[in-house]
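Letter by letter, the chains look like this.
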Amino acid sequence: MQFQTWKNKVTDVAADCLIIGSYEDGALTPHAASVDAASGERLSRLIKRGDFNGKLAMTFMLPEPDGVKAPRVLVVGLGPKAGYSRKAWRKAVAAAMLHAGRTQSKSVALALPRPTARELDDQVFGRVVAELAGAALYKINDLKTAKKPKPPQLDTILLESAKAAASKKIHAGFDEGVALAAGAVAMRNLANLPGNVCTPSYLAKQAEALAKRYKSITTKVLGLEEIKREKMGCFLAVTQGSDEPPRFIVMQHKHPRAKKAPLVLVGKGITFDTGGISLKDPPTMDEMKFDMSGAAAVMGAFTTLGELNLPLNVVGLIPTCENMPSGRAIKPGDIVTSASGQTVEILNTDAEGRLILCDALHYARRFEPAAVIDLATLTGAIVVALGTHHTGVFSNDDALAHDLVKSGVRADDRAWHMPLTEEYGEQLKSNFADFANVAGRDGGSITAAAFLGKFTKDLKWAHMDIAGTAYAGGNNKGSTGRPIALLTDFLVRRAAR
């Protein structure tokens, strides 16, 4: 995706598609008014006839209007003028990019009014435009045998010229948005694949491919015997019921200018989760192919890191396996020993994500990290608590949690700081082991985080439960690409420190 600017009259902009806006009360934006005047009030007549009412995200294509150089003019509804905000702007841009992407336009010029700088600074403005364009152009990687439609041709976005300082920030933000979009595509493509394709071995090969694509990235993959040597008893307990061999993926992004201790990202990589002996109900079990969304998010983040080559040292850790029922599978009541030496009574085999993550979190210690962040579709309880709108953030460090939540606000990829006090950890008491892997229904997402917290003492650590935000179910089933936008903002701001 390329970025260009235009500074002449809007009617003279040389783009395949010009995007203008109209408010719900019929008021035209200044650029739309210029197009309307040049075209003999064609847009005004359209509105008066009732063919376009300006409702938010409504779109209408005007082909070859008189007096306008662009062969296509796409009108998008901006909703009520009084309520025009950053959120409305995002929805309008997303709808316009989606419509333009269905045409054979190679370039679009965005001539919509921007929210105030307080709502949307120059760098974030450029980033979001590229992000929304990338999302609009995304085509799900389905395995249908029918003839595929022509892919979108859009590869250039034109924005109105700004002052030199602002233009530089917009351009930098646009480059970040392109990299963000690449990371989101990488995450979505992996998570959307079925479990019989996206196996632990497949994930490992994709991680190795990242190292070949980007010079800043190296990848090491541990097999079953190496995992045993690391004494990852909790991880091994989960994988023992499956015929698919596990993998423990270690990726590193290194930059010569980065002198600080590394940031470690840990992603849950359950490529299919049946629940094990604590078998899930059949309805929607197919969606458990998305249970490796944490791993996919880490690989998406590394794609973005590789594209931007940020001056950071970042480690990615992905424990990946299946959770299957079999004669070899772990049973409720089994006790296993983690890599940290602590023992765990497994009361529910469907609480497996925390078991593979705890050994990965212990492994992270060897890098002497500045901070550790794990990402996991960990609990249904977080969906009950926050729905599909916010990612749950749990942390033993308020400043780290605040940084993540702040990045979520800047990126429109919201997160919420959840409580994590000692009372929740006490709910995990066991009569037979150091602690159990579950503590009942009450506060389920918090007790899951409290379990992970038992392996992160003396580490600056945050846990992101993305079970409600990483994918959609039902008729709209598919990966959302979240929280790549949040992670991109977090990494960019961290690199700038």
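This text goes with the structure placed above it.
If you're wondering where the values come from, they're calculated on a predicted model, not measured in any experiment.

1. Points about the packing of aromatic side chains
This structure, assessed with the given rule, holds 10 aromatic pairs. Residues Tyr23 and Tyr84 carry aromatic rings whose centres are separated by 5.8 Å and whose planes lie at 85° to one another, so their mutual orientation is edge-to-face. A residue pair is termed long-range when its members are at least 10 positions apart, and Tyr23 in the loop between strand 2 (17-22) and helix 1 (30-38) and Tyr84 in the loop between strand 4 (72-77) and helix 3 (86-101) qualify at 61 residues. Taking relative accessible area as the criterion, Tyr84 reaches 15% and is therefore assigned buried. Between Phe451 and Phe455, the aromatic rings sit 5.3 Å apart at their centres with planes inclined by 50°, giving tilted as the arrangement. Among the residues examined, Phe451 registers a relative accessible area of 0% and is labelled buried. Accessibility expressed as a relative area gives 2% for Phe455, which makes it buried. Stacked on the ring of Phe125, the Lys or Arg Arg114 has its end atom at 4.1 Å from the ring centre. When the ring centre of Tyr363 is taken as origin, the NZ or CZ atom of Arg366, which lies over that ring, is 3.7 Å away.

2. What to know about the side chain of Ser216
Here Ser216 lies in the loop between helix 6 (200-213) and strand 7 (217-222). Residue class for Ser216 comes out buried when judged on its relative accessible area of 13%. In this structure Ser216 touches Gln252, His253, Lys254, Gly306 and Asn309, once residues within four positions along its chain are discounted.

3. A short note on the packing of helix 5 (residues 164-192) against helix 15 (residues 484-495)
Where helix 5 contacts helix 15, the two axes come as close as 9 Å, and the packing angle between them is 135°. The angle between the axes of helix 5 and helix 15 places the two elements in the oblique class. Considering the relative orientation of helix 5 and helix 15, their crossing is right-handed. Of the residues in helix 15, those in contact with Glu176, Leu180, Gly183, Ala184 and Met187 of helix 5 are Ile484, Ala485, Thr488 and Val492. Its residues assigned to classes, the contact of helix 5 with helix 15 shows 6 nonpolar, 2 polar and 1 charged.

4. Points about the layout of surface pockets
Over the atoms, a rolled probe matching the size of one water molecule traces out where space is still vacant. By volume, the largest pocket amounts to about 1200 Å³. Along the walls of the largest pocket sit 36 residues, with Arg90, Leu132, Asp412, Thr480 and Arg482 positioned nearest its centre. The biggest single contributor to the lining of the largest pocket is helix 3, with 7 residues. Residue classes in the lining of the largest pocket are distributed as 15 nonpolar, 9 polar and 12 charged. Taken as a whole, the second largest pocket holds about 770 Å³ of empty space. In terms of lining residues, the second largest pocket is bounded by 34 residues, among which Arg354, Leu378, Thr379, Gly380 and Ala381 are the most central. For the lining of the second largest pocket, the elements supplying multiple residues, two or more each, are helix 10 (353-363), helix 11 (381-386) and helix 14 (444-453). In terms of residues, the lining of the second largest pocket owes the most to one element, helix 11, which gives 4 residues. When grouped by side-chain class, the residues that make up the lining of the second largest pocket number 13 nonpolar, 12 polar and 9 charged.

5. Observations regarding unusual backbone geometry
Looking along the chain, the bond that leaves Arg482 and enters Pro483 is cis, with omega of 10°. Inspection of the secondary structure puts Pro483 in the loop between strand 20 (478-479) and helix 15. Look at Ala57: it is not a glycine, yet its phi comes out positive at around 75°. Take Ala57: it is sitting in the loop between helix 2 (42-48) and strand 3 (59-63). With phi around 50°, Asn309 is a residue other than glycine that occupies positive phi space. Its place among the elements puts Asn309 in the loop between helix 9 (293-308) and strand 11 (314-323). The partly exposed category is assigned to Asn309, whose relative accessible area is 37%.

Scoring rules and cut-offs
Residue positions within a chain follow its written sequence, with the count starting from 1. Owing to the predicted nature of the model, reporting of local features is limited to residues with pLDDT of at least 70; listing and counting of side-chain atom pairs is limited to 80 or more, with chain, interface and lining totals taken over all residues. To get the side-chain values, take all heavy atoms of the structure and skip hydrogens and water. Put simply, two rings from Phe, Tyr or Trp (the six-membered ring, in Trp's case) pair if the centres are within 6.5 Å, and we call them stacked under 30 degrees between planes, edge-to-face over 60, tilted for the rest. Where helices and strands are cited, they refer to DSSP runs of H or I of at least four residues and of E of at least two residues respectively, numbered from the N terminus. Each residue is assigned to one of three classes by its accessible area relative to the maximum for its type, calculated with a 1.4 Å probe on protein chains only: buried under 20%, partly exposed between the two thresholds, exposed over 50%. A ring has a charge above it when a Lys NZ or an Arg CZ is no more than 6 Å from the ring centre and no more than 35 degrees off the ring normal. Residues are treated as being in contact if the distance between any of their heavy atoms lies within 4.5 Å. Helix axes are fitted to C-alpha atoms over the stretch in contact, other axes to C-alpha atoms as well, and angles between N-to-C directions run from 0 to 180 degrees. Just so you know how the angles are binned, under 35 degrees is roughly parallel, over 145 roughly antiparallel, 65 to 115 roughly perpendicular, and the rest oblique. By convention the crossing between two helices is left-handed if the near helix lies anticlockwise of the far one by an angle smaller than a right angle, and right-handed if it lies clockwise. Following the grouping adopted for this structure description, the nonpolar residues are Ala, Val, Leu, Ile, Met, Phe, Trp, Tyr, Cys and Pro, the charged ones are Asp, Glu, Lys and Arg, and the polar ones are all others, Gly among them. Buriedness of a pocket was judged along seven lines, with at least five required to meet protein on both sides within 12 Å; pockets are open sets of points on a 1 Å grid over the protein atoms alone, cavities are sets where a 1.4 Å probe fits but cannot get out, and lining residues have an atom within 4 Å of a point. Grid points are joined across faces, edges and corners, and a volume is the space filled by probe spheres set on the points.

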